[in-house]
Every structure is written in structure tokens, then in C-alpha cells.
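Residue-level structural notes
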Amino acid sequence: MKSLVSQLANYAHYHRDMRNIYTHFIGIPLIVYALAVLLSRPNFTLTPELTLTPATIAVAITCVYYLFLSLSLGLVMTVLMAAVLVGAAPLAALPWPQWLGWGVGLFLLGWLFQFVGHYFEGKKPAFVDDLIGLVIGPLFVVVELLFMLGLYRGLKQDIEQIAGKVR
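Residues numbered from 1 in each chain as written. Predicted model: local features only at pLDDT ≥ 70, side-chain atom pairs only at ≥ 80, totals over all residues. Heavy atoms only, no water.

Turning next to the side chain of Glu121. Relative to the helices and strands, Glu121 resides in helix 5 (residues 96-121). When residues no more than four places from it in sequence are discounted, the contact partners of Glu121 are Tyr14, His15, Arg16, Asp17 and Asn20. (Helix = DSSP H or I, 4+ residues; strand = E, 2+ residues; numbered from the N terminus. Contact = heavy atoms within 4.5 Å.)

The following block contains the structure:
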């Protein structure tokens, strides 16, 4: 498994233009939320107290990956992803046409923002070359926000140093 710095540096290589990063602040949360909405509707009742959805399974696996990359950032991501699941529940409970309309609509809107950002950047999205970019994207957005708040300065320097060397 690649390190946190390596993963974020690879992703950052595709995201140098601030306009692209700003569009990701909208696009990626919309995509993550839309996926949570779409994947929260099917459910599997294991016991009367325990019901699983594809969304909870996907979030759990993703959060474990984030925790392996960094305990502190993994905990932040786990809290945020849990909030997404809670926020997705009301839309997942809507009647089928509304649930699907909201889920697909938000998903497409999120990707519209992504592609506008990559138009500014003049580069294809990172996931085209490495599918793990789909998982790193939400982490990248949170880390960029933390950098803007003046946190994780050492991590920022490490990423910037390596990002220029990534092909």
C-alpha cells in the first residue's frame, strides 16, 4: 500500500490549478453524498438491531483504508463519512422516483463540477490513470481545506516536494 504522502502527491499532480481544487470542494462532496444516497436504499437486515446497506459497507472499507494511511486524518474522514451516511438517509427513504432523481442528479452535478475543474487544469482526472484516485479524492479535498486553515504544514511541504516529481 502506498503511503499517505505518496497517494496525496500523486493526486495533487493532477490538481495544481486552484480553480480545479475549488471545483473539487463542490464536486467531490456532491459525488460522495450522491453515492451515499444511491447506496443507502438497498439494505440487508442481519438482525433486528443490525441493518447493513452497500453505503455502510463502502464507507466502512474506505474509512479503514484512510485509517491505515493516517490515524488522525482517518478519524476526521470517518466522522465526515458517518455524517454523510446520516445525511443521505432522508433522501434514501424517499419514494423510488425521487430517491433515484436526487441521487443521479446530484451525482451528475458533482461530475459536472469535476470536469469543469479539469478543463481549467488542462489535465484528465486522476482516476483515469489510477482508480484509487476515486477514494483519495475526498481525502484530498479535506486535506486541502486543512492546509488552507494552516494545519498539517509538514504534510503539505512533503506533498508539494513530491508532487512535482510524479509523472
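More follows now that the structure is in view.
Turning next to the packing of aromatic side chains. Scanning the entire structure with this criterion turns up six aromatic pairs. Aromatic pair Tyr119 and Phe120: ring centres 6.4 Å apart, planes at 55°, arrangement tilted. For Tyr119, a relative accessible area of 69% puts it in the exposed group. Taking relative accessible area as the criterion, Phe120 reaches 32% and is therefore assigned partly exposed. (Phe/Tyr/Trp six-rings, centres within 6.5 Å; stacked < 30°, edge-to-face > 60°. Buried < 20%, exposed > 50% of the residue type's maximum accessible area, 1.4 Å probe, protein only.)

The subject of this paragraph is the packing of helix 1 (residues 4-13) against helix 7 (residues 153-163). Contact geometry of helix 1 with helix 7 gives a least axis separation of 8 Å together with a crossing angle of 55°. For the element pair helix 1 / helix 7, the angle class is oblique. In this structure, helix 1 meets helix 7 at a crossing whose hand is right-handed. Across the interface between the two elements, Leu4, Val5, Leu8, Ala9, Ala12 and His13 from helix 1 touch Leu155, Asp158, Ile159, Ile162 and Ala163 from helix 7. Each residue belonging to the contact of helix 1 with helix 7 can be placed in one class, and the counts come to nine nonpolar, one polar and one charged. (Axes fitted to C-alpha atoms, helices over the stretch in contact; angles between N-to-C directions. Parallel < 35°, antiparallel > 145°, perpendicular 65-115°, else oblique. Left-handed = near helix turned anticlockwise from the far one by under 90°. Nonpolar A, V, L, I, M, F, W, Y, C, P; charged D, E, K, R; others polar.)

What follows deals with helix 5. With 26 residues, helix 5 ought to run about 38 Å at 1.5 Å a step, and its terminal C-alpha atoms sit 37 Å apart, in line with that. What helix 5 keeps buried is the set Trp99, Gly103, Leu106, Gly110, Trp111, Gln114, Gly117, His118 and Glu121. The elements touched by buried residues of helix 5 are helix 2 (18-40), helix 4 (71-92) and helix 6 (133-148). Positive backbone phi, approximately 80°, marks Gly122, located one or two places after helix 5. (Expected span 1.5 Å × (residues − 1).)

Counted at 1.5 Å a residue, the expected span for helix 4 with its 22 residues is 32 Å, and the 30 Å between its end C-alpha atoms agrees. The complete set of buried residues in helix 4 reads Leu73, Gly74, Met77, Met81, Val84, Leu85, Ala88, Leu91 and Ala92. Projected down its long axis, helix 4 shows its buried positions confined to an angular sector of 115°, all on one face. The outward face of helix 4, more than 90 degrees from its buried face, is lined by the exposed residues Val79, Val86 and Pro90. Of the surrounding elements, those touching the buried residues of helix 4 are helix 1, helix 2, helix 3 (54-69), helix 5, helix 6 and helix 7. (Arc of directions from axis to C-beta.)

So, on to the environment of Gly122. With respect to the helices and strands, Gly122 occurs in the loop between helix 5 and helix 6. Given the relative accessible area of 65%, Gly122 is considered exposed. Separated by 108 residues in the primary sequence, Gly122 and Tyr14 have C-alpha atoms spaced 9.1 Å apart.

This next bit is on the pattern of salt bridges. Applying the stated criterion across every chain, the model contains one salt bridge. In this structure, the salt-bridge partner of Arg19 is Asp17, at a minimum N-O distance of 2.8 Å. You can call Arg19 partly exposed: its relative accessible area is 44%. (Salt bridge = Lys/Arg side-chain N within 4 Å of Asp/Glu carboxyl O.)

Our next topic: the side chain of Gln7. By the secondary structure assignment, Gln7 is in helix 1. The buried category is assigned to Gln7, whose relative accessible area is 5%. Side-chain polar atoms of Gln7 contact the side chain of Tyr65, separated by 2.7 Å. Not counting residues up to four positions away in its chain, the partners in contact with Gln7 are Lys2, Tyr65, Leu69, Ile132 and Ile136. (Polar contact = N/O pair within 3.5 Å; in protein donor to acceptor, adjacent residues only side chain to side chain.)

Ranked by internal contacts, the top residues of the largest apolar core, which has 43 residues, are Leu4, Leu8, Leu73, Leu139, Val143, Leu155 and Ile159. Elements represented by at least two residues in this core include exactly helix 1, helix 2, helix 3, helix 4, helix 5, helix 6 and helix 7. For Leu8, the contacting residues outside a window of four places in its chain are Ile136, Leu139, Phe140, Val143, Leu155 and Ile159. (Core = buried A, V, L, I, M, F, W, Y, C linked by side-chain atoms within 4.5 Å.)

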